[in-house]
Amino acid sequence: QVQLVESGGGLVQAGGSLTLSCAASGSIIGLQSMAWYRQVPGNQRELVARVIGGSATIYADSVKGRFTISRDVAKNTAVLQMNSLKPEDTAVYYCNVQDRFWRAYWGQGTQVTVSS
């Protein structure tokens with residue numbers, strides 16, 4: 001089992017920045033990837049950004065150039081730096097990891113609200 005603790009999030013004005021952090025513990029040897037997803041009520045959860053291994057990254061088109069995901073492999077943490085935030089970025093953000101068997105685990109979610 002993998003446990004995830006998220007921090008960050010909150011309320012920010014459009015154009016502002018926020019940083020989300022995720023710390024993994026438990027069966028964390030050989031984690032394949034760490035990622036952030038987001039979900040708006042009534043919509044499916046969508047991938048925001050993923051880091052595979054230590055450095056390969058994938059971003060949703062809607063956040064490219066504004067968000068940056070990074071991972072500290074030694075500390076088993078992932079950080080999502082969100083800049084130039086827009087009201088449409090408002091959502092609950094979830095940390096996701098895939099263990100060495102590619103099983104997925106989820107954090108409890110953290111609210112990000114961007115006011116216009």
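Structural data are supplied above this passage.
Residues numbered from 1 in each chain as written. Predicted model: local features only at pLDDT ≥ 70, side-chain atom pairs only at ≥ 80, totals over all residues. Heavy atoms only, no water.

Visitor: Can you tell me about unusual backbone geometry, naming the residues and giving the values?
Guide: Here Asn-76, not a glycine, exhibits a phi torsion of approximately 55 degrees, which is positive. When you line up the elements, Asn-76 lands in the loop between strand 7 (67–72) and strand 8 (77–82). Notably, Trp-102 is not glycine yet its phi reads approximately 65 degrees, a positive angle. Along the polypeptide, Trp-102 turns up in the loop between strand 9 (91–98) and strand 10 (104–106). Relative accessible area serves as the criterion here: at 49%, Trp-102 is assigned to the partly exposed category. (Helix = DSSP H or I, 4+ residues; strand = E, 2+ residues; numbered from the N terminus. Buried < 20%, exposed > 50% of the residue type's maximum accessible area, 1.4 Å probe, protein only.)

Visitor: I'd love a proper account of the sheet that holds strand 8, names of residues and values included.
Guide: What the four strands build is an open sheet, ordered 1-3-8-7; its pairing is antiparallel. Two strands close off the open sheet at either side, each with one partner strand: strand 1 (2–8) and strand 7. This sheet shows a mean twist of 15 degrees between the axes of neighbouring strands, independent of strand direction. Inspection of the sheet shows strand 3 (residues 18–26) paired to strand 8 by six bridges, in the antiparallel sense. Residue Ser-21 lies in a different strand from strand 8, and its bridge partner there is Val-79. (Pairing = 2+ DSSP bridges. Axes fitted to C-alpha atoms, helices over the stretch in contact; angles between N-to-C directions.)

Visitor: Explain the state of the cysteines to me, and be specific about the residues and the numbers.
Guide: For the coordinates displayed, the defined rule picks out one disulfide. Two residues, Cys-22 and Cys-95, share a disulfide whose sulfurs are 2.0 Å apart. Residues Cys-22 and Cys-95 are joined through a disulfide that is left-handed, its torsion about the S-S bond being -80 degrees. Placement of Cys-22 in strand 3 and of Cys-95 in strand 9 is noted, with a sequence separation of 73 residues between them. Looking at Cys-95, the relative accessible area reads 0%, which means it is buried. (Disulfide = S-S within 2.5 Å.)

Visitor: Would you mind going over the nonpolar core in detail, with residue names and values included?
Guide: If you look at the biggest cluster of nonpolar residues, it comprises 30 residues, and the most contacted ones within it are Trp-36, Leu-80, Met-82 and Tyr-93. Put simply, the parts of the chain that give this core at least two residues each are strand 1, strand 3, strand 4 (33–39), strand 5 (46–52), strand 7, strand 8, strand 9 and strand 11 (110–115). Excluding its chain neighbours within four sequence positions, the residues that come into contact with Met-82 are Gly-16, Ser-17, Leu-18, Leu-20, Arg-66, Phe-67, Tyr-93 and Val-112. (Core = buried A, V, L, I, M, F, W, Y, C linked by side-chain atoms within 4.5 Å. Contact = heavy atoms within 4.5 Å.)

Visitor: Can you break down the packing of aromatic side chains residue by residue, with the values?
Guide: Scanning all chains against the criterion turns up one aromatic pair. Taken together, a centroid distance of 4.9 Å and an interplanar angle of 70 degrees make the contact between Tyr-37 and Trp-106 edge-to-face. Within this pair, whereas Tyr-37 is found in strand 4, its partner Trp-106 is found in strand 10, the two being separated by 69 residues in sequence. The buried category is assigned to Tyr-37, whose relative accessible area is 15%. Assessed through its relative accessible area of 38%, Trp-106 is described here as partly exposed. The ring of Trp-106 carries Arg-45 above its face, with NZ or CZ at 4.6 Å from the centroid. (Phe/Tyr/Trp six-rings, centres within 6.5 Å; stacked < 30°, edge-to-face > 60°. Lys NZ or Arg CZ within 6 Å of the ring centre and 35° of its normal.)

Visitor: Please set out a nonpolar patch on the surface residue by residue, giving values where relevant.
Guide: Residues Ile-52, Ile-58 and Trp-102 make up a contiguous nonpolar surface patch of about 280 Å² in total accessible area. Position of Ile-52 relative to the elements: it lies in strand 5. (Patch = residues over 30% accessible without salt bridge, like charges linked within 9 Å, V, L, I, M, F, W, Y side chains within 5 Å. Areas by Shrake-Rupley, 256 points an atom, 1.4 Å probe, with all protein chains shown as cover. Salt bridge = Lys/Arg side-chain N within 4 Å of Asp/Glu carboxyl O.)

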